[in-house]
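A look at the structure
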Amino acid sequence: MSTLTSPAPDATAAPLQIGPHTVAPPVVLAPMAGITNAPFRTLCREFSGGKGLFVSEMITTRALVERNEKTMQLIHFDATETPRSIQLYGVDPVTVGKAVRMIAEEDLADHIDLNFGCPVPKVTRKGGGSALPYKRNLLRAIVREAVTGAGDLPVTMKMRKGIDDDHLTYLDAGRIAVEEGVTAIALHGRTTAQHYGGTADWEAIARLKEHVPEIPVLGNGDIWSAEDALRMVRETGCDGVVVGRGCLGRPWLFADLVAAFEGRTDAFVRPTLREVADVMVRHATLLGEWIGDEARGVIDFRKHVAWYLKGFAVGSEMRKRLAITSSLEALRAGLDELDLDQPWPTGADGPRGRTSGNNRVVLPDGWLKDPYDCAGVGEDAELDTSGG
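Structural notes, computed from the coordinates. On a predicted model such as this, the values are computed, not experimentally measured, just so you know.

Each pair of packed helices can be described by the angle between their axes along with the distance between the axes. Interhelical geometry of helix H9 (residues 226-236) versus helix H10 (residues 253-261) gives an angle of 45° and a closest axis separation of 8 Å. Classified by the angle their axes make, H9 and H10 are oblique. For the pair H9 and H10, the crossing hand works out as right-handed. Contacts between H9 and H10 involve Ala-226, Ala-229, Leu-230 and Val-233 on the former and, on the latter, Leu-253, Asp-256, Leu-257, Ala-260 and Phe-261. Looking at the contact of H9 with H10 residue by residue, the class counts come to eight nonpolar, no polar and one charged.

See the structure below:
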């Protein structure tokens, strides 16, 4: 991979301690449904040199307890992954407790993260995801069951600022987390109403850090480059960063992050299109091996094509063609027709993935009347969807 000399960083962060696990540098891959499966985690981990923490896709506790076949595949970890990190999503304290005990007793992971950040309407309308922390007692009950059931396994949680600017929950949720034994908290600096639009509120991350000095606070939101990560640490005082959309089509961002936090000035990755194409084929190959079927692996890879090719001179017809391939041979052949000597495009390090806002928040009837009443949350709030 090509590299570009960069200025020395002006902010560093100490290693992050997650229970017995030292994460150095303090960089975490955010769980993303359909994205952070074992193949993508492998790519990110390879580029990082094995440094950092790479979290699984979001797993619903009900599906895990019921040993759903797809879910059991999603919690499969490569033998080289350590620590093994699972993110759980649940709305019922009893089911969450069962899922966590299952993980601990069957040695399915080394770290458990709880998701309270999903803004998707089909989840929030049932009281799940980022709507749930508004119900303080329910949040406390879920976290308590998770920490109790986990035994020696560390439990962390990821959340948003709140439902909207009039219903912020992150400071109360942070205090509940501390009181119930959570090891670290990650805050996405947006509300449910914002979805992925607008600008992440890094000041909220700083306020949370001041509010819960007892445990590490990780910042999430608008980290598109290694420089952004260093700036977030410098401006907020957070203990580490969680990176989601910024690494879509750019697993080598983790090489940049490691270099930045280690103070190296000669290791920022700026791949040519030829190098990007090689990573694309490897990604599709890993997916096929993981799924057990080459065609299905390439089909699953299609969603990544536009992210990898962002900014490069690739015609619209070729983009469409690459996005409908169903074999590694066809993918490689299409890529070979491109001008593979193109350098890394100017501006390709910017925002990627979902950037639209959604100002309408769908909640259960009467949800905002009482921040402590736990009624109204049902099992159907547990849906397979991305969150954070």
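Here the focus is unusual backbone geometry. Residues Ala-24 and Pro-25 are joined by a peptide bond in cis, for which omega reads -5°. Of note, the amide linkage connecting Thr-82 to Pro-83 takes the cis form, showing an omega dihedral of -5°. Position of Pro-83 relative to the elements: it lies in the loop between helix H3 (69-74) and strand S6 (85-89). Here the phi dihedral of Asp-107 falls at roughly 55°; this positive angle occurs in a residue that is not glycine. Mapped onto the secondary structure, Asp-107 falls in the loop between helix H4 (93-105) and strand S7 (111-116). The phi dihedral of His-195 falls on the positive side, at around 50°, and the residue is not glycine. Within the secondary structure, His-195 sits in the loop between strand S9 (184-188) and helix H8 (202-211).

In this section: the packing of helix H1 (residues 38-48) against helix H11 (residues 273-291). Two elements in contact, H1 and H11, have axes separated by 8 Å at closest approach and are oriented at 135°. Our classification of the angle between H1 and H11 gives oblique. As H1 runs across H11, the sense of the crossing is right-handed. Mapping the contact onto sequence places Ala-38, Pro-39, Phe-40, Thr-42, Leu-43, Glu-46 and Phe-47 in H1 and Val-279, Arg-282, His-283, Leu-286, Leu-287 and Trp-290 in H11. Residue composition of the contact of H1 with H11, by class: nine nonpolar, two polar and two charged.

A few words now on empty space enclosed by the protein. One pass over the full model with this rule turns up three cavities of 30 Å³ or more. Along the wall of the second largest cavity there are 18 residues; nearest its centre are Val-28, Asp-113, Thr-156, Ala-186 and Leu-218. Residue assignment for the lining of the second largest cavity shows that the elements contributing at least two residues are strand S2 (16-18), strand S4 (27-29), strand S5 (53-60), S7, strand S8 (155-160) and S9. Across the lining of the second largest cavity, the residue classes break down as 14 nonpolar, two polar and two charged.

Structural remark: α-helix, 3.6 residues per turn; residues separated by three or four positions point the same way. If you check which residues of helix H7 (residues 170-179) are buried, you get Tyr-170, Ala-173, Gly-174, Ile-176, Ala-177 and Val-178. At its buried positions, H7 is contacted by helix H6 (136-150), S8, S9 and H8. Taken from the residues just after H7, Gly-181 is the one with a positive phi, measuring 95°.

What follows is about the packing of aromatic side chains. The final tally for this structure, using the stated rule, is six aromatic pairs. Taken together, a centroid distance of 5.8 Å and an interplanar angle of 35° make the contact between Phe-301 and Tyr-308 tilted. The same class applies to Phe-301 as to Tyr-308, namely buried. Summarising the aromatic geometry, the rings of Phe-312 and Trp-344 are spaced 5.8 Å apart at their centres and angled 80° between planes, so their arrangement reads as edge-to-face. Taken together, the residues span a long stretch of sequence, with Phe-312 in the loop between helix H13 (305-309) and helix H14 (316-322) and Trp-344 in the segment after helix H15 (328-336) at a distance of 32 residues. Take Phe-312 and Trp-344: they sit in the same class, and that class is buried. An aromatic cluster is built from Phe-47, Trp-252, Phe-301, Tyr-308, Phe-312 and Trp-344, whose rings are joined through pairwise contacts. The ring of Trp-367 is capped by Lys-135, whose NZ or CZ atom sits 4.7 Å from the centre of that ring. Lying over the aromatic face of Tyr-196, Arg-160 brings its terminal NZ or CZ to 5.0 Å of the ring centre.

Along any regular strand the residues' side chains alternate between the sheet's two faces. Of the two faces of strand S10 (residues 217-220), the one carrying Val-217 and Gly-219 and the one carrying Leu-218 and Asn-220 are both buried. Pairing of S9 with S10 involves four bridges; the strand directions are parallel. Its bridge partner being in S10, Ala-186 is matched across the sheet by Leu-218. Read as a crossover between parallel neighbours, the route from S9 over H8 to S10 is right-handed. Relative to strand S11 (residues 240-243), S10 runs parallel, the two being bridged by three bridges. Bridge pairing in S11 places Asn-220 opposite Val-242. Note that the unit made of S10, H9 and S11 has a crossover that is right-handed.

Rules of the game
- Residues numbered from 1 in each chain as written.
- Predicted model: local features only at pLDDT ≥ 70, side-chain atom pairs only at ≥ 80, totals over all residues.
- Heavy atoms only, no water.
- Axes fitted to C-alpha atoms, helices over the stretch in contact; angles between N-to-C directions.
- Helix = DSSP H or I, 4+ residues; strand = E, 2+ residues; numbered from the N terminus.
- Parallel < 35°, antiparallel > 145°, perpendicular 65-115°, else oblique.
- Left-handed = near helix turned anticlockwise from the far one by under 90°.
- Contact = heavy atoms within 4.5 Å.
- Nonpolar A, V, L, I, M, F, W, Y, C, P; charged D, E, K, R; others polar.
- 1 Å grid on protein atoms, 1.4 Å probe; cavity = no way out; pocket = protein on both sides within 12 Å on 5 of 7 lines; lining within 4 Å.
- Points joined across faces, edges and corners; volume = space filled by probe spheres on them.
- Buried < 20%, exposed > 50% of the residue type's maximum accessible area, 1.4 Å probe, protein only.
- Phe/Tyr/Trp six-rings, centres within 6.5 Å; stacked < 30°, edge-to-face > 60°.
- Lys NZ or Arg CZ within 6 Å of the ring centre and 35° of its normal.
- Pairing = 2+ DSSP bridges.
- Right-handed = clockwise from strand over helix to strand, strands pointing away.

Nothing here speaks to function; it is geometry throughout.
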